[in-house]
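Below, each chain spelled out in residue letters.
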Amino acid sequence: MSFNILGNGLTGLQASQQALNVISQNIANASTPGYVRQRAVLQSQQTTPGAANVYTGHSEQFMGVKVTGVERISSAFKQAALNSAVGKQEALEAQAAPLDNVQGLLQEPSDIGLQNTMTEFYQAWTDLGNNPTVSTTNGAAAINGASAAVVIQDGASLAAGLKTLSDGVSAEFGNQYTNLTGIVEQVNASVLKIAELNQRIIQGTAGGDNVNALLDQRDTAITDIVRLTGATSINQSDGSVQVSVSGVTLVQGNAYNLMSVTGSSTLENAVDNPPGLLVGSVRANPAGGQAAGVLSALNTDLPRISETLDTVANGIRDAVNARHSAGYTLDGTPGGDFFTGEGAAGLTVAVTSADELAVSSVSGPSTDGSNARGIGRLVNPSVISEALGGATAPQSVYSGMVTQIGTQLQGLNTAIDSQTGIVATAQSAVDSESGVDLNEELTNMILFQRSFQANARVISAADEMLQSLIGMV
Amino acid sequence: MARVTQLGQVNQSLAALQASMTQSQRLQEQAASGKRINRASDDPTGASISMQLRNQQAANTQYARNADYANGQLSTLDGTLQTIYSRLNQVRSNIIAATTTTNGDSRSALSAQVEQIKGELQGLYNTQYQGRAIFGGTSVAGAVDSSGNYVGDGNPVTVQLNASSTVRVDVDGSTIGAGDFSGLLDEISAGIENGDAASSLDQLDSLISSVITANGQIGAIQNRVTTSQSAITAQNSDLTVSLAQNEDIDYAEVLTKFSSQQVAYQAALGVTARINQTSLLDFLQ
């Protein structure tokens, strides 16, 4: 009998210690986000069969146990599914946020939104038309100053209301652009981290080191990039990972391309120079992640809302001006434009004094208020539509926009709700695979504790045996 | 079988708690505002209906104001026409009285009264409502000048009663003798002195009859305005009800939902608190 009991016992002690070491690491990181549980891989050791041993007749020799490695129990597939689900959810949330902000600005349906301001403006005209003069003296009619002032004031309120909304949308555009810049900064930080980790992992893998902690860190960085841009990652045979956004490579090995924002930072120039993302010098169009949502707000939603507000403003301006300039002031002067300026941000009241209001339809001195009543009738969508040559009435364009934003947001919210469920499922799949179960770890702990004790007992038994041999001498 | 892990349990209970909180928050918002639709995305179709209802309500408010204005002007017209009628009738009585008296002083008195009525009528025909002559159309000069000529322009003053109909709320002075009364009364006054005033009776009767006709028309229009006013009031209360039905919450429903949500939330909290209380660790010595 060859006497390898001591050696075997030693390997058993070492293996138990290493396994307990891994278990303690698992328990310590039970609540660390992104931590993937590890397991010591044990393998029994035996010499290769050779010439038969003259004493034992056996050709092989037992060499105990060895920890051949520390396995990282993660499923790349489950992690990728979680990443993609999270990327989609982030995209939906990032798209919904600016729309929700704009919806907050609109304050519809209510008695304080733009719809109400429009109605009040037309009502002021009807009131003035019903009651255009305060007195007639010496063949001249004096305009009803109080009602006229209300018309001019309500016109200014309408213009101000449109400007407030338009400014709000522009400000939201600016915020989202800043948001996009922030996203790019975070992406670049993660890109640099992944490139560096790739380098260390390639070297570590080649040198046979345990790179599990580095892999955890890299996974976290990849999840960050996916969350931000919906990027995809492919594991390479050398242990590195390739990360790309819409087919454009961000990181490969230790080489990387930084991301940057291109295009206009203001809403006015966004149509000619739409905001976008560059990876190196190549344009990337992320399909998911916060960037996708922010870009869709910047390139589609906010410009469309701004354009609709301009349509509303220009429609009101054209219809009111057409009627106003067709009428006459009370002293018979032909009316000019009531509104001037272009778009929701530019609309202003051109009329400065009550005497310039073309309330009359009679081309001479008169107390007629029928032109003012005609402007008041523009409150009716079909009347204003006719005045605009069949174009959709501004109030209908506006309420259509409110409904459209509402419908889009409702759709996004529903999608976010269901995506949250998908993310939760994907998350629990990953947790179930890679998470630490304390009961399991404690059970294993008992196992290896006992194993340690047993091996110690083996060594002590061997020691006793050697003692008896030595005692014989 | 899926492994159950500590982090997984925490993640799941967190997600459940958050979902429960979101739901509670939505119900809380509804209960606090009393509205089911606080923004368009709560119910886009409902929001669109709300905006339409508000548009209709705004139009109706305007029509109601228009009707108030019409009523004011029509009452003035009605009163003025009745006074004109009674003054013209007085003139007629004077003509009749003159035919039965031969007393020169009496005739002079009757004649002087007619001249005085002419002055009164001058004022009545120039009656203004809110700065505008009610018999002068839209003329800035009023209806009758100092020499008794009609200076109105007959331009109608109208008021929008509802989306489809407008009514005229003035009377064209030329149809009720605004340009003729002065000459006629001068003639009658002279006739009473001379004793041949009876020849003007026909002309006066036709003037009186035109005033009665105009007054009748005004009455009919007033009737229309009143009818339209009550229709608008009824419509407005219907609209208010529709708006409330569309936007307002059913408190009983929301509060019931809210309390059941609270129960679910507390249960989720309780479970979360217990989840990590026990592990194998508790049984290891």
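Conventions adopted
Residues numbered from 1 in each chain as written. Chains lettered and ligands numbered in written order. Predicted model: local features only at pLDDT ≥ 70, side-chain atom pairs only at ≥ 80, totals over all residues. Heavy atoms only, no water. UniProt positions renumbered as here; feature names shortened; annotations may be inferred. Contact = heavy atoms within 4.5 Å. Buried area = accessible area lost by both parts, 1.4 Å probe. Salt bridge = Lys/Arg side-chain N within 4 Å of Asp/Glu carboxyl O. Polar contact = N/O pair within 3.5 Å; in protein donor to acceptor, adjacent residues only side chain to side chain. Helix = DSSP H or I, 4+ residues; strand = E, 2+ residues; numbered from the N terminus. Axes fitted to C-alpha atoms, helices over the stretch in contact; angles between N-to-C directions. Parallel < 35°, antiparallel > 145°, perpendicular 65-115°, else oblique. Left-handed = near helix turned anticlockwise from the far one by under 90°. Pairing = 2+ DSSP bridges. Core = buried A, V, L, I, M, F, W, Y, C linked by side-chain atoms within 4.5 Å. Buried < 20%, exposed > 50% of the residue type's maximum accessible area, 1.4 Å probe, protein only. Phe/Tyr/Trp six-rings, centres within 6.5 Å; stacked < 30°, edge-to-face > 60°.

Looking at an unreviewed UniProt entry, one finds chain B named Flagellin and attributed to Kineosporia corallincola. Recorded in UniProt under Sequence similarities (unreviewed entry), the annotation for chain B is "Belongs to the bacterial flagellin family." Taken directly from UniProt, the Function (unreviewed entry) text for chain B runs: "Flagellin is the subunit protein which polymerizes to form the filaments of bacterial flagella."

Under an unreviewed UniProt entry, the name given to chain A is Flagellar hook-associated protein 1, and the source organism is Kineosporia corallincola. Turning to chain A, the UniProt record has this under Sequence similarities (unreviewed entry): "Belongs to the flagella basal body rod proteins family."

Caption draft 1: The arrangement of the interface of chain B and chain A in detail. Residue-level contacts link 47 residues of chain B with 60 residues of chain A. Together, B:Arg3, B:Met51 and B:Val140 form the three largest contributors to the area buried by chain B at its contact with chain A, with a combined 18%. The tally of links between chain B and chain A comes to three salt bridges. B:Arg65 is paired through a salt bridge with A:Asp127; the nearest N and O atoms lie 2.2 Å apart. In this structure, the connection of chain B to chain A is made through 24 residue pairs in polar contact (both at pLDDT 80 or more). Counting only elements with at least two residues in the side of chain B that touches chain A, the list comes to helix H1 (6-33), helix H2 (44-100) and strand E3 (158-160) of chain B. The dominant element in the side of chain B that touches chain A, judged by the number of residues it contributes, is H2(B), at 13 residues.

Caption draft 2: Expanded view of the packing of H1(B) against helix H6 (residues 251-275) of chain B. All names here are of chain B. Their axes nearest at 9 Å, the elements H1 and H6 cross at an angle of 160°. The pairing of H1 with H6 is recorded here as roughly antiparallel in orientation. As H1 packs across H6, the resulting crossing turns out to be left-handed. Here Gln-9, Ser-13, Leu-17, Ser-20, Met-21, Gln-23, Ser-24, Leu-27, Gln-28, Gln-30 and Ala-31 of H1 come into contact with H6, specifically with Tyr-251, Val-254, Lys-257, Phe-258, Gln-261, Gln-262, Ala-264, Tyr-265, Ala-268, Leu-269, Thr-272 and Ile-275.

Caption draft 3: How the structure looks around the UniProt feature "domain: Flagellin N-terminal" (unreviewed entry) in chain B. In this numbering, the UniProt entry assigns the feature "domain: Flagellin N-terminal" (unreviewed entry) to residues 12-138 of chain B. Along residues 12-138 of chain B the backbone is 80% helical and 3% strand, and the end-to-end C-alpha distance reaches 77 Å.

Caption draft 4: Structural detail: the sheet that holds strand E6 (residues 241-245) of chain A. All names here are of chain A. Taken together, the four strands give an open sheet; going across it, the order is E5-E6-E7-E8, and neighbouring strands pair in antiparallel fashion. Bordering the open sheet on either side are strand E5 (232-235) and strand E8 (255-256), each of which pairs with just one other strand. Judged from the three bridges that link them, E6 and strand E7 (residues 248-252) form a sheet pairing that is antiparallel. Bridging across to E7, Val-243 finds its partner in Val-251. Those strands touched by helix H4 (residues 145-206) are E6, E7 and E8, and its axis lies near 45° from that of E7.

Caption draft 5: Structural detail: the nonpolar core. One finds A:Trp125, A:Leu162, A:Phe338, A:Leu357 and A:Tyr398 to be the most contacted residues of the largest nonpolar core, which totals 92 residues. It is H4(A) that contributes the most residues to this core, 17 residues altogether. For A:Trp125, the residues in contact, after removing those within four places along its chain, are A:Val151, A:His324, A:Phe338, A:Leu357, A:Val359, A:Ala372, A:Arg373, A:Ile375 and A:Gly376. Counting 45 residues, the second-largest nonpolar core is a separate cluster that includes B:Val91, B:Leu124, B:Val157 and B:Val169.

Caption draft 6: How the structure looks around the UniProt feature "domain: Flagellar basal-body/hook protein C-terminal" (unreviewed entry) in chain A. In the numbering adopted here, UniProt assigns the feature "domain: Flagellar basal-body/hook protein C-terminal" (unreviewed entry) to residues 432-471 of chain A. Helix makes up 92% of residues 432-471 of chain A and strand 0%, with an end-to-end C-alpha separation of 57 Å.

Caption draft 7: Examining the sheet that holds strand E11 (residues 282-284) of chain A more closely. Residues and elements named next belong to chain A. What the three strands build is an open sheet, ordered E9-E10-E11; its pairing is antiparallel. Every interior strand has two partners, whereas the edge strands, strand E9 (259-262) and E11, have only one. Averaged over neighbouring strand pairs, the angle between their axes works out to 40° when direction is ignored. In this sheet, E11 lies alongside strand E10 (residues 276-279) in antiparallel orientation, the contact comprising three bridges. Paired with Leu-278 across the bridge in E11 is Arg-283. Across the sheet, H4 is in contact with E9 and E10; its angle to E9 comes to roughly 165°.

Caption draft 8: Layout of the packing of aromatic side chains. All names here are of chain A. Under the counting rule described, the total for this entry stands at nine aromatic pairs over all chains. Between Phe-121 and Tyr-122, the aromatic rings sit 5.4 Å apart at their centres with planes inclined by 55°, giving tilted as the arrangement. Its relative accessible area of 0% is what places Phe-121 among the buried residues. Overall, the relative accessible area of 1% leaves Tyr-122 in the buried class.

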